[in-house]
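# Inside the fold
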Amino acid sequence: MLKMTHLSKVYRTEVVETYALRDFNINVNEGEFVAVTGPSGSGKTTFLTIAGLLETFTGGQYHLDGVEVSNLNDNERSKIRNEKIGFIFQAFNLIPDLNVFDNVEVPLRYRGMKAPERKERIMNALERVGLASRAKHYPAELSGGQQQRVAIARALAGSPRLLLADEPTGNLDTQMARGVMELLEEIHREGATIVMVTHDPELAARAQRNVHIIDGQVVDLAEDPRFHQAVHAARANSPA
Amino acid sequence: MFAYYLQLGLRSLRKNPLLTLLMVLAIGCGVAASMTTYSVFRATSNNPIPQKSSQLYVPQIDNWGPESNEDNKGEPPNAMTYTDAINLMRDKRASHQTALFPAAMSIVPTDPSMLPFRETSYAWYADAFGMFDIPFLYGHAWTSGEDDSHAAVAVIGKTLNDKLFNGTNSVGKNINLNGRDYRIVGVTEKWNPEPVFYDVINTNGFDDPIQVFIPFTRAVELQTTTNGNNNCNHDPGKGWDAWIRSECVWVGFWAELPTKSEAGAYRQYLNGYSAEQQRSGRFRWAPNTRLRNVTEWLDYQKVVPQEAKVSLMVSLGFLLLCLVNTVGLLLAKFMRRSSEIGVRRALGATRKEIYIQFLIEAAAIGLAGGVVGLVLTGFGVMGVSLVFEPDIAKLATLDVSLVLLTMLVAVLATVLAAFYPTWRAAQVQPAWQLKSN
Amino acid sequence: MLQIKPILAALKRHKAGTILIAMQIALTLAIVCNAIFIIHQRLERVQRPTGMVESDLLAIQSRFVGTQETQAGPLVKADLVALRQLPGVQDAVAMNSYPLRGGGWSTGVRTDVDAKNSKAHTTQYFGDEHALGTMALKLIAGRNFRSDEIVEADPQALPDPAVIIVSKALADKMYPDGSALGKTMYIGDSKTPSTIIGIVERLQVPWNGTWSDSFYENSLIQPVQLTSAFTNYLIRAKPGQLADLVKAAPAALVKTNRMRVIPSERGVRTFAEVREYAYKGDRGMAILMGVVCLVLLGITAAGIVGLTSFWVGQRRKQIGVRRALGATKRDILSYFLTENLLIGVAGVVIGALLAVGMNLWLVTQFEMARLSVTYVLIGVVALLGLGQGATLAPAMRASRVSPVEATRSV
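The following paragraphs examine the structure supplied in this document. All values derive from a computational prediction rather than experimental measurement. (Residues numbered from 1 in each chain as written. Chains lettered and ligands numbered in written order. Predicted model: local features only at pLDDT ≥ 70, side-chain atom pairs only at ≥ 80, totals over all residues.)

### Section: unusual backbone geometry
Residues Glu194(B) and Pro195(B) are joined by a peptide bond in cis, for which omega reads -5°. Tracing the chain through its elements places Pro195(B) in the loop between strand 9 (180-188) and helix 8 (200-203). Non-glycine residue Asp56(C) carries a positive phi angle of around 60°. With respect to the secondary-structure elements, Asp56(C) resides in the loop between helix 2 (15-46) and strand 1 (57-64). In this structure Asp56(C) comes out as partly exposed when scored by C-beta crowding, with 19 C-beta atoms within 10 Å. (Helix = DSSP H or I, 4+ residues; strand = E, 2+ residues; numbered from the N terminus. Buried ≥ 20, exposed ≤ 12 C-beta atoms within 10 Å, placed from the backbone.)

If you want it as structure tokens, here you go:
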């Protein structure tokens, strides 16, 4: 589904070149739920923006659903984002000027879908996240957890092949975080491929597979004792 | 604190030079346009004789009848026939009165090498000098006796006296007008009411100051035709005598009526006079008269040029638009600083202090706009002659009061425009903007 | 791609900015429509032909001094002889007035001697057989005056002319079937008919204000040499001689008789100067309104650029989100253009009403004509175009916002 080989991303300033990603290799299979972890600044967000075609990369190759994306132009990239990828952001990123219904509608609009189909998909997605009754509310009238569920509904409405989540529970309290996490797991069980960036070991532990990034490179988890300790500690503290 | 706010304001303005420039120019243009047109409007709507404008009256008598006045909404003619003017002069029902008309007088210099030349000249009665408060440099007005005797006397203006007599006292000397000698009895000071209320009909309100005055009776005796308008509803017939006996209107008339009751009495007299004319068979309609004082007369005659009014209206609309524009730009500018306001509020600034800070910033913009406006108004006033006749254009000047008004309008307007954006800015909650999105 | 509903929803939450832009557009439309209308009216008046060949024409105003005002006949005759003998002069005529001079005579005319009301209003010009040639009027029917038809007359004792020449406009007004030539008409209260012996294509009245608009091409020429002391000389110069005549002609007049006044201001003018002076106010008003329009449009455009830029800046994040969710650059561009179009449409609707209202008010206050719908339509199109143009730059900037903005915290 998602395959990066020898991928690199360099940020250049006048003085220095900084490698955000260096010889980065990862392979996510269809239907997998992968958690990407790593300390701040390790490059996990860079990985996600490149994976989501939000940014271009400097070297290497990236195949998304079998397509090499480095040669695509802006419009083609927009189209892939719109049709194949669903985004869930840490800060929800709902458009404050639009109500819940209109927010979920945004990606469908860009797909040029007819109104009846849009409506059906939106209501399905909202029902799925349990917010169908809030369709006319504005984001500011919802709690953080509800907002994130709207964002998930927005991501789901287009039936994407790949769901990218960036610290989806980062702005939520434990209670709400758990609800969102359960929702993601449910979506995964229904067959979606999910790649989730998080710094929370407990969340990471709930994924099928963990990928750890340090200094812009994937490291073998089995060889990093620090991570195992962290996972153990988290499990010990967690009441569940 | 004021200095601090001013400093903050200036720094903020420097940070967004383009936006600032835009606002300053918008206000400058708006203010300049309205001030330029206002300068013309002010000059043309001026009260030329404030101390007496409610005591001097123009009587009108309808000698044409409803048929001829149809186009004029039933108003009597704007001028008088010679017959009516002479009758009113003879009845002397006002404390002072005068008939008048612009006479075409050419001055023939005694120096044979000099060619004859024209000056603005009027024929009227001795009373006029006192009625219009005309100041004398030398000598005095002629007497009523000289009116009655059709005397060959003249009063001349200072400018003409300077030209002919090098400014020396010329009283007693002769002046040759249209080939005939007149004895100078007085020299007036500079007298230049604007608009020239005494003869709006023939000047549209603006003309060079009068330099030659001669008795009305003398001018008529010499069959001097009017240099102004002559309107007839029917063919007057042939020759001078037929003309002055005709219903053609060409004579101006003023009556001085110091009190309301005197004005009321004069109105009754005019109606009585008209009724008498009706009885004698001259008028075949009921009395239709008017009595308007200076202000009413200037208003009725629409002395303020159409151009001045239209362009003043357009300019005011223009200023309004510039203000709306400024509201928008200030809103953009202030709201862009929401986070700054949030921090300030978090650090203890009260709403009032936010208000003051932003209003001072706006006032600074207004001040700058005023300076730009002043410069543009200067150019505008110079350019007034493009639109208006020279007689009017020269009245539009950038004097101290206009300068102050320009600055005041600019600052006031900008601060006014800033109220809404400032209110919005003050609504920002303390530190609200510090939270991410 | 149009996305009107969500844009409207977003605008509802930015009322202040929306209203401000709409108001600006409305006000600008109202003012610009009326200003352009005024400009057009004024220019239309300025472009009216006088009917004369205006090049090589000189106008001199003269008043004899010390002569009885109505007894100057021989003096005028002497003047004409002197002028016509000048080397650079092709022809010359003494008249009471001429087109664009500003003052003149006017009267009602009838075709029926018993008619109570006049059929038309016309200006009266008085001149001899040289008038047509000097003014270079185009005679389209009939003939010029013969010298034996010219009479000398005191302006206060005018004879009823046996023959007259009229402008085509007047002829058509009096005889709409086009049969005016050879027919008669009655001037003023006269009971004596005057026969139309010639029709000139066009001859404007001396006035150019609004009051004469209803009859500005109704003119008649009477074969009369006035004996008044006040005269206007029209002089047609031979090609290339006009510049010399400006000095030579008044000098010749003074030489003939120095007891006269030729005003130092506007006493001697080429017809180009006459025209410029007559239309100074009209042209000035047109220039003023033009400048106002331009500055107004500039300010409105700048205001739209300013507010849209602000909006773009405020919505960078949401633009990033939209891009992340699959919006193309064109989608973003069209979002802002459509947004502006919606505001613009609201603005022009209000503006059109305002423009018409403003015009109706101006009509009641001043002698102004009704605004035609064409101006409003032109204004509407112009302002919508202006709005789109002004939005383009900020919208382009918006479309360049990277989708990665979506992942950045504020």
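There's plenty left to go through after this.
### With respect to the sheet that holds strand 8 (residues 193-197) of chain A
Residues and elements named next belong to chain A. Reading across the sheet, the 6 strands line up as 6-7-8-3-9-10 and stay open at both edges, with mixed pairing between neighbours. Looking at the sheet topology across the chains shown, the edges are occupied by strand 6 (85-88) and strand 10 (217-219). Across the sheet, the mean angle from the axis of one strand to that of its neighbour is 25°, orientation sign disregarded. Summarising the sheet, strand 9 (residues 209-214) and strand 10 pair through 3 bridges and their orientation is antiparallel. In the sheet register, isoleucine 213 faces strand 10, and the bridge partner there is valine 218. Packing of helix 6 (residues 174-189) onto the sheet brings it into contact with strand 3 (33-37), strand 7 (162-166) and strand 8, and relative to strand 8 it is tilted by some 150°. (Pairing = 2+ DSSP bridges. Axes fitted to C-alpha atoms, helices over the stretch in contact; angles between N-to-C directions. Contact = placed C-beta atoms within 7 Å.)

### Quick notes on the interface of chain C and chain A
Size of an interface: often given as the accessible area lost when the parts come together. Between chain C and chain A, the residue contacts involve 21 residues of the former and 27 residues of the latter. Mapped onto the side of chain C that touches chain A, the elements with two or more residues apiece are helix 1 (4-12), helix 9 (316-324) and helix 10 (329-365) of chain C. Top element by residues in the side of chain C that touches chain A is helix 9 of chain C. It accounts for 4 residues. Residues that form the side of chain C that touches chain A fall into these classes: 11 nonpolar, 6 polar and 4 charged. (Nonpolar A, V, L, I, M, F, W, Y, C, P; charged D, E, K, R; others polar.)

### Observations regarding the interface of chain B and chain C
Listed as interface residues are 47 residues of chain B and, on the opposing side, 45 residues of chain C. Of all the secondary structure elements, the ones that give two or more residues to the side of chain B that touches chain C are helix 2 (17-44), strand 4 (117-119), helix 10 (240-245), helix 13 (306-335) and helix 15 (351-387) of chain B. When residues of the side of chain B that touches chain C are assigned to their parent elements, the largest contribution, 18 residues, is made by helix 13 of chain B. Class assignment for the residues of the side of chain B that touches chain C results in 26 nonpolar, 14 polar and 7 charged.

### Re the pairing of strand 2 (residues 89-95) of chain C
Residue and element names in this part refer to chain C. When you tally the buried positions in strand 2, you get 5 out of 7 residues, the bulk of the element. Here strand 2 runs beside strand 11 (residues 230-237); their pairing, made up of 6 bridges, is antiparallel. When the bridges of strand 11 are listed, methionine 95 appears paired with asparagine 232.

### Brief notes about the sheet that holds strand 5 (residues 67-68) of chain A
Backbone hydrogen bonds hold the strands of a sheet together, and the pairing may be parallel or antiparallel. Residue and element names in this part refer to chain A. Read from one edge of the open sheet, 4 strands run 2-1-4-5, paired in antiparallel fashion. For this open sheet the edge positions go to strand 2 (17-28) and strand 5, each flanked by a neighbour on one side alone. Note that strand 1 (residues 2-12) and strand 4 (residues 59-64) share 5 bridges and pair antiparallel. Bridging across to strand 4, threonine 5 finds its partner in glutamine 61.

### Section: helix 9 of chain C
Burial runs high along helix 9 of chain C: 8 of the 9 residues are buried. Those residues of helix 9 of chain C that sit buried are Lys317(C), Gln318(C), Ile319(C), Gly320(C), Val321(C), Arg322(C), Arg323(C) and Ala324(C). Where helix 9 of chain C is buried, its residues touch helix 2 (74-84), strand 6 and helix 3 (100-110) of chain A together with helix 10 and helix 11 (373-399) of chain C. Following helix 9 of chain C by one or two positions, Gly326(C) adopts a phi angle in the positive range, close to 115°.

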